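Analysis of the macromolecular model
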Number of protein chains: 2
Amino acid sequence: MTIYIDAMGGDHAPKEIVKGAVEAVKEYNVPVTLVGKKEAIEQELIAFGFDDPRITIMPAESVIGFNEEPVQAVRHKKDSSIVTALTAMKEDPNSVLISAGSTGALLVGGQLLLGRIKGVKRPGLGTVFPQGKDRKVFVIDVGASSDSKPDYLLTYAKLAKIYSESVLGETNPKIGLINVGTEAEKGSMLAKEAHTLLENSGLNFAGNVEARDIPTTPVNILVCDGFTGNVVLKLTEGLMSFILHSIKDALLGSVKGKLGALLIKDDLKAFKDAYNPDEYGGSPLLGIKGGIIKAHGSSGSYAIKNTVKQAMQFQENHVVELLSKEMETNA
Amino acid sequence: MTIYIDAMGGDHAPKEIVKGAVEAVKEYNVPVTLVGKKEAIEQELIAFGFDDPRITIMPAESVIGFNEEPVQAVRHKKDSSIVTALTAMKEDPNSVLISAGSTGALLVGGQLLLGRIKGVKRPGLGTVFPQGKDRKVFVIDVGASSDSKPDYLLTYAKLAKIYSESVLGETNPKIGLINVGTEAEKGSMLAKEAHTLLENSGLNFAGNVEARDIPTTPVNILVCDGFTGNVVLKLTEGLMSFILHSIKDALLGSVKGKLGALLIKDDLKAFKDAYNPDEYGGSPLLGIKGGIIKAHGSSGSYAIKNTVKQAMQFQENHVVELLSKEMETNA
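Residues numbered from 1 in each chain as written. Chains lettered and ligands numbered in written order. Predicted model: local features only at pLDDT ≥ 70, side-chain atom pairs only at ≥ 80, totals over all residues. Heavy atoms only, no water.

1. Focus on helix α1 (residues 15-28) of chain A
Residues and elements named next belong to chain A. For α1, built from 14 residues, the straight-helix expectation of 20 Å at 1.5 Å per residue is met to within 8% by its first-to-last C-alpha distance of 20 Å. Summarising the contacts, the buried residues of α1 are in contact with β1 (3-6), β2 (32-36), α2 (38-47), β3 (55-59) and α10 (301-316). Immediately downstream of α1, the backbone of Asn29 shows phi near 50 degrees, a positive value. (Helix = DSSP H or I, 4+ residues; strand = E, 2+ residues; numbered from the N terminus. Expected span 1.5 Å × (residues − 1). Contact = heavy atoms within 4.5 Å.)

See below:
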């Protein structure tokens, strides 16, 4: 029952990853295993002045880059941080891997090395969309499969239900389907068939949700194909950053605006914090026989620290075991 | 060569539609034909004190609602404003219909009554995404077809090129493909095949554009399937409104914030104006043998007025003729 942290994955690795791990160990008193280049990790630990038995280093000499073809990379880079960690997890059923590295490598590696939960044809990558202070919706799939099928979406809903209950603290979470209209007969063939499956699933299905309502929808879970989910995730990131920058630019163009900007600085920061996905850690890859949490590529130490907390909840609640049971029950 | 305006379509019909028509006639000195319930239109014209020979009324007794099944509605409601206008357009090749009514009815009615341009399997609905003052990107398809095929996307690109050049004033517009990664091999099967077709099309294809870059991309045209485009369109609307409301709420929570809000009011308004899609009129439905422009369901008079201007450009530049030629040349 180990929390493995890929020290080499992400834009700010290893520095921010190691820093986040150190912060998590201090704050949550949890042991973690950093996987990656030994010297590089040690150097960071020395820089933070942190020499603590709760941190273990598992050496791994290479790194899988963002642009490497995942299947090739997983097959050939046996000494990469991701493959090394996943290989160790085979012997360690309730362990969790946190990585800000290649989503594709985690997805392929997870399936090849740990396998899928029985009944799961495709794992789903889920992520929390903040909707303001203490409000959120969990969206799945945000990119594990670009080509989806109606029964994948049903599986995502089942997996997300368990995750939502055990890690996000929801009770009998409401599930919505992202679609181009609210009526059952609207949408692509995929969405229409998924709608029928969800309606007959016994899950707490609330129907279609239009993209315009994602920021405010009262449902707890939104399911969609991975292409759509990825577009939703990235457009939200892009627009949020773009709008805030544009407002800033607009204000700095006038004296009144500059003065106003000074006055609203704190409130704007509080607003940004309430919508910071880093608060919720990373994106769990659900459906694998093992815990895999994908942290954002741009993760800083704060995101990594929160992802460790999420990994602890994942373990404490035996999420993988619960997911397996749910899939069995519904088989 | 008439501009028909569906006086009965949209959330604020007929009042705002008629008002927008009156404003357009005054500002652009253009004759328009309002299609809909005669008395209702006359009443609005009287209320605006506008009795002018440049406005003609074409009576149509019924209206197709947003939730009516389009094929049934178009077949059975021959006296609806949309069917009446489209029927008149058959005899009037370079005419344009503006409607804030049912997109489905316009799409079905346009194809049944006017037909598709030769070589166009599916018309595409395009819309301008403002990217700030004088910057914009034209996105197509935003919802004409929920299930798309690679060659539809190629057709959208060809149609959009002509529209972009003749109405939006671009020269040899750059075309991007909305996808989940920038590399050619990324994405769904649809996106990958469309990428290949676009790359070999002779069009000015700039490759994949990730959703996070839509607000800032330098390309002039983005093509995608109608499901994705609809999600992009509606999520943008939803997030823009949500973020601005949330910032407002955050500011009104503190005295400093309230004072700041007063100071930034004008700059914030300028920002909102720069991103107001109403500036660009409505969404053209490209690929039909006739001009059809879908105005937003919530259109007020300002949007309608700008859509009339867009319709004039559509006519002056003989867009339908140019689209037909482009499809022939590339056949």
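From this point, the discussion proceeds with the structure in view.
2. So, the relation of the copies chain A and chain B
Two chain copies here: they are related by a rotation about an axis and a translation along the same axis. Overlaying chain A with chain B gives an RMSD of 0.0 Å, the required rotation being 180 degrees about an axis along which the chain moves by 0.0 Å. On this basis, the relationship between the two copies can be described by a two-fold rotation axis. When C-alpha distances to the rotation axis are compared across chain A, the minimum falls at Gly260(A), with a value of 2.1 Å. Here 100% of the contact residues of chain A are again contact residues in chain B; the copies associate through an equivalent surface. (Least-squares fit on C-alpha atoms with pLDDT ≥ 70 in both.)

3. Observations concerning the packing of aromatic side chains
We describe a pair of aromatic rings using the distance from one ring centre to the other and the angle between the two ring planes. Residues and elements named next belong to chain A. Per the stated rule, a full pass over the model turns up 8 aromatic pairs over all chains. Plain terms: the ring middles of Tyr163 and Phe314 are 6.1 Å apart, the flat faces sit at 50 degrees to each other, and that makes the pair tilted. One end of the pair, Tyr163, is in helix α6 (residues 150-166); the other, Phe314, is in helix α10, with 151 residues separating them in the sequence. Side by side, Tyr163 and Phe314 carry an identical accessibility label, which is buried. (Phe/Tyr/Trp six-rings, centres within 6.5 Å; stacked < 30°, edge-to-face > 60°. Buried < 20%, exposed > 50% of the residue type's maximum accessible area, 1.4 Å probe, protein only.)

4. Brief notes about the sheet that holds strand β3 (residues 55-59) of chain B
All names here are of chain B. Taken together, the 11 strands give an open sheet; going across it, the order is β3-β2-β1-β4-β11-β10-β5-β6-β9-β7-β8, and neighbouring strands pair in mixed fashion. Two strands bound the open sheet, and with one partner strand each, they are β3 and β8 (205-210). Across the sheet, the mean angle from the axis of one strand to that of its neighbour is 30 degrees, orientation sign disregarded. Packed onto the sheet, helix α6 (residues 150-166) meets β5 (124-130), β6 (136-140), β7 (175-179), β9 (221-223) and β10 (283-286) and runs at close to 160 degrees relative to β9. Contacts from helix α10 (residues 301-316) reach β1 (3-6), β2 (32-36), β4 (96-99), β10 and β11 (291-294) within the one sheet, and its direction differs from that of β4 by about 160 degrees. (Pairing = 2+ DSSP bridges. Axes fitted to C-alpha atoms, helices over the stretch in contact; angles between N-to-C directions.)

5. Here we look at the pattern of salt bridges
Scanning the model with the defined rule gives 28 salt bridges over all chains in all. Across the pair Glu42(A) and Lys38(A) runs a salt bridge, and its minimum N-O distance is 3.0 Å. On the criterion of helical spacing, the pair formed by Glu42(A) and Lys38(A) is a turn pair, its members being 4 residues apart in helix α2. Overall, Lys38(A) belongs to the partly exposed group, its relative accessible area being 34%. Of the charged contacts, one joins Glu183(A) and Lys186(A) as a salt bridge, the two residues approaching to 3.5 Å between their closest N and O atoms. Take Lys186(A): its relative accessible area is 32%, and that puts it in the partly exposed class. Beyond isolated ion pairs, a larger network of salt bridges with shared partners links Glu210(A), Arg212(A), Lys234(B) and Glu237(B). (Salt bridge = Lys/Arg side-chain N within 4 Å of Asp/Glu carboxyl O.)

6. Side note on the pairing of strand β11 (residues 291-294) of chain A
Residues and elements named next belong to chain A. Both faces of β11 are covered, namely the face carrying Gly291 and Ile293 and the face carrying Ile292 and Lys294. In terms of strand pairing, strand β4 (residues 96-99) meets β11 through 4 bridges, oriented parallel. If you follow Ile98 over to β11, its bridge partner there is Ile293. In this structure, strand β10 (residues 283-286) lies alongside β11, joined through 2 bridges in antiparallel fashion. Bridge pairing links Ser283 to Lys294 in β11. Between β10 and β11, which pair antiparallel and follow one another directly, the connecting turn spans 4 residues, one of which, Gly287, has a positive phi of 120 degrees.

7. Overview of the confidence of the model for chain A
Put simply, chain A has an average pLDDT of 94, and 99% of its residues get 70 or more. This complex was scored by the predictor with a pTM of 0.94 and an ipTM of 0.93. (pLDDT = per-residue confidence, 0-100.)

8. A word on the environment of Arg122(A)
Residue and element names in this part refer to chain A. Summarising the element assignment, Arg122 is placed in the loop between α5 (103-114) and β5 (124-130). The sequence separation of Arg122 and Ala206 amounts to 84 residues, and the corresponding C-alpha distance is 23 Å. Ignoring sequence-local partners within four residues, the contact set of Arg122 consists of Arg116, Ser145, Asp147, Tyr152 and Tyr156.

9. Focus: the nonpolar core
Membership of the largest hydrophobic core comes to 218 residues, with the highest contact counts inside it found for Val308(A) and Val308(B). In terms of residues, this core owes the most to one element, helix α8 (residues 226-251) of chain B, which gives 12 residues. Apart from the residues within four sequence positions on either side, Val308(A) is in contact with Ile3(A), Ile5(A), Ala24(A), Tyr28(A), Val30(A), Val32(A) and Ile98(A). (Core = buried A, V, L, I, M, F, W, Y, C linked by side-chain atoms within 4.5 Å.)

10. Re the sheet that holds β4(A)
Residue and element names in this part refer to chain A. Strand order in this open sheet of 11 strands is β3-β2-β1-β4-β11-β10-β5-β6-β9-β7-β8, and the pairing throughout is mixed. Looking at the sheet topology across the chains shown, the edges are occupied by β3 and β8 (205-210). Across the sheet, the axes of successive neighbouring strands diverge by a mean angle of 30 degrees, strand direction being ignored. For β5 and strand β6 (residues 136-140), the ladder comprises 5 bridges, and the chain directions are antiparallel. Bridging across to β6, Thr127 finds its partner in Val139. Contacts from α2 reach β2 and β3, with the element oriented near 155 degrees to β3. Sitting on the sheet, helix α4 (residues 81-89) touches β1, β2, β3, β4 and β11, and the angle it makes with β4 is about 170 degrees.

11. What to know about the interface of chain A and chain B
At the interface, 51 residues of chain A touch 51 residues of chain B. Of the roughly 4,600 Å² buried between chain A and chain B, counting both surfaces, carbon and sulfur atoms make up 71%. At the surface where chain A touches chain B, the tally comes to 6 salt bridges. Close ionic contact of Glu210(B) with Lys234(A) constitutes a salt bridge, the shortest N to O distance being 2.3 Å. (Buried area = accessible area lost by both parts, 1.4 Å probe.)

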